[in-house]
Each structure stands twice: as C-alpha cells, then as structure tokens.
Amino acid sequence: MSSPSVPPSSAVASAVTHYENFPVASWLCPPHLRAPIAAIYHFARTADDIADEGDATPAQRLDALRDYRTALQACGEAAANGTAMPHSAWPQVFAPLRQALVQHQLPLPLLHALLDAFVQDIEKTRDGAGYADEAELLDYCARSANPVGRLLLHLYGVDDANALAQSDAICSALQLINFWQDLSVDIPRGRYYLTQADRARFGVPQADILARRQTADATKLIASCADSARALMLKGAPLVHRLPGRAGWELRLVVQGGLRILDKIAALHHATLNRRPVLRTWDFPLLLWRAARM
C-alpha cells in the first residue's frame, strides 16, 4: 500500500482523491441534495480508508472502526436530540453527516451496515479468507454497496419494494464490477473475491489466482463473473426511469459507467489479473450518448 502511514484514528475525509467509476455529487445531482450525498460519500470513503489504506495492523484498523462506529452512534443521538456533535477524531465527516441526519432523517442502520462490511474486509484479509460462493459474495454486497443506493433513494423519496430491489441490483453489480476490474490490485493486498465455487466450476486452482496466472481457465472464470455482473446491472437499470430530472441522469451515468468498465474488461479479453481498466476522459461522451438512449 503506497499511501503514507497515518494513524487510522486521524483519517480525514477532506483528503479524498480516489478514482471512482461513477460521478459523486456532480453537477447533475439536484443541488439541494449535493450536501447530504457528499456527507454519505465522505462517511463511507473515510471508513474504507481506515479499513484499507496506510500500514496499520488489522487490530489497529478494527479498533479505529470501533471508534468510528461509536462516533456514528453519537452523531445519530446528537441529530435525534438536537444537540451538538460531541468531539471525535473525524469532525469533518460527522458534522456534515449530523446535518444530513437532521434534515433528511437518514436511516442509521444503513450506515452501520457499511461499517459491518468494512470490518468483514479487515477480518477476511487478516485471515487470508475468500468467499465460498456467489450467495456469500452477494451477502457481502448487501452491506458493502446496497446501503448506499438505499440511502440515495431515501433522499429522493422513493421507497417502494421494486425500486429498492432494482437499486440493490445496480449497487451489487457496481461492487462486483469493481472486484473484476481490480483483481490485479486486490490480490496482492490479500483480498480474494473469485469464489471457491466458481474457481472449482472452471477448474482454476487457488495457486493460479494468487500468482495471477492468466490461464485460459482463469480467463473463462473472469468472463463468466463479468457476464453475471452485466446481467445484474441490466436487471436494475429500469430504475433510471423512476428518478426525476437530474437524479435520473446521474443514475444513468452510474449505470453506463459500470457497463463501460465491463466493455473495457472484455476488450482486454478478461485478462484483469494483471491489468486494471479505468474510465478515461474520452469515455464520457460515449457514456452521455448511451445514457440518453436508455
């Protein structure tokens, strides 16, 4: 990990400069929702940095996330009681989040679910553990990704069961796409998302994955995973027509950004064990054109 060593308890949201496959609180987002969306993003990104960046030990990361969860609970109580946010190591995260909780009554369990996912990442990385099958991997996505979509739907005032299911499909697809995009980055960090069941189905030994050997069977495995992610994204895509105005356009670009990464994975012949495709500036005219045709 190339980031400078920073004690997890001093992580700062204002330092976020991460590459993303999707726009975050962009000009397309309804102006009155940019602040709460940014607050949610900084909350999640800071927790992710605590779990993944720097050279802290797993025990230190888990301790820091416990402190972070305590701060989240205090933030929720302050918002509910109309009191000031108590001191924490992350005032730049929790002051805006408290405001979002007050103004929009964000569901706290969804924020706690994100922290559950980060804890799971730390523990699995510490233990060198992967995922048994697709059901277990999607269960992780239900906590690592789906809460973000549900929080956004809450802000947009959309809460019917069909919309929530479509949102979950989009968010889980985005998480899976990120996994298959980032194999060359995640495997050296000790994170394994190609499931045991899928490896067995394609006859790919774990040793080949750890060594990042792009064998014919490994290529077929990644292609199958990418196809499943695309199907899941297309299952959720009709949600773009439920969101009005700018919010709908924002979601169209999110969906198309994920699908474009899958295109780039395919263009590499699914050889992502050693190469990481990313979106470039020149991809965005195509994304806009595809978004307009949805």
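Residues numbered from 1 in each chain as written. Predicted model: local features only at pLDDT ≥ 70, side-chain atom pairs only at ≥ 80, totals over all residues. Heavy atoms only, no water.

**With respect to the overall build of the protein**
Stated precisely, the cut-off is as follows: By the criteria applied, helices consist of DSSP H or I runs no shorter than four residues and strands consist of E runs no shorter than two, each listed in order from the N terminus. Two things to know: the radius of gyration comes from C-alpha atoms, and the globule rule equals 2.2 Å times the number of residues to the power 0.38. Remark: exposure states derive from per-residue accessible area (1.4 Å probe, protein chains only) relative to the maximum for the residue type, with buried under 20%, exposed over 50%, and partly exposed in between. His is not counted, nor are the chain ends; Lys and Arg add positive charge and Asp and Glu add negative charge. We put the charge of a Lys on NZ, of an Arg on CZ, of an Asp on CG and of a Glu on CD.
When you go through the protein residue by residue, the secondary structure sums to 13 helices and 0 strands. In the protein, the succession of helices and strands from N to C terminus is α-α-α-α-α-α-α-α-α-α-α-α-α. Computed over its C-alpha atoms, the radius of gyration of the protein comes to 19 Å, within 12% of the 19 Å expected for a compact globule of 294 residues. Over its C-alpha atoms, taken along the principal directions, the protein stretches across nearly 60 × 45 × 35 Å. Taking all 294 residues of the protein together, the buried fraction comes to 52%. Treating the 29 positive side-chain charges of the protein as one cloud and the 29 negative ones as another, the clouds have centres 7 Å apart.

**Remarks on the confidence of the model for the protein**
Put simply, the rule is: Scored from 0 to 100, pLDDT records how confident the predictor is in each individual residue. Contacts between residues were defined by any pair of non-hydrogen atoms, one from each residue, lying within 4.5 Å.
For the protein, per-residue confidence averages 90 on the pLDDT scale, and residues scoring 70 or more make up 90% of the total. A low-confidence stretch, residues 1-17 (pLDDT under 50), is modelled with 32 contacts involving residues beyond four sequence positions or located in other chains.

**Things to note about the side chain of Asp283**
Filter applied, for reference: The term polar contact refers here to a pair of N or O atoms within 3.5 Å; inside protein, the definition further demands a hydrogen-donor-capable atom paired with an acceptor-capable atom, and it admits residues adjacent in sequence only when both atoms are side-chain atoms.
Along the polypeptide, Asp283 turns up in the loop between α12 (245-267) and α13 (284-292). Owing to a relative accessible area of 2%, Asp283 belongs among the buried residues under this scheme. Among the polar contacts listed, one links the side chain of Asp283 to the side chain of Lys264, at a separation of 3.1 Å. Filtering out sequence-adjacent residues up to four positions away, Asp283 remains in contact with Arg260, Lys264 and Val278.

**Some details on the packing of aromatic side chains**
Heads up, the condition is: Here is the rule: rings of Phe, Tyr and Trp (six-membered ring for Trp) pair when centre to centre is within 6.5 Å. Planes less than 30 degrees apart are stacked, more than 60 are edge-to-face, and the remainder are tilted. Here, a charge over a ring is recorded when the distance from Lys NZ or Arg CZ to the ring centre is within 6 Å and its angle to the ring normal is within 35 degrees.
The tally for this structure, following the rule as stated, stands at 11 aromatic pairs. Considering the side-chain rings of Phe179 and Tyr193, the 3.7 Å spacing of their centres and the 5° angle between planes classify their relative orientation as stacked. On the criterion of sequence distance, the pair formed by Phe179 in helix α7 (residues 161-181) and Tyr193 in the loop between α8 (183-186) and α9 (196-202) is long-range, its members being 14 residues apart. Residue classification places Phe179 among the buried residues on the basis of a relative accessible area of 2%. By relative accessible area, Tyr193 is classed as buried at 4%. Cluster of aromatic residues (ring-pair linked, three or more members): Tyr131, Tyr140, Phe179, Trp180 and Tyr193. The ring of Tyr131 has Lys124 lying over it, and the distance from NZ or CZ to the ring centre is 4.4 Å.

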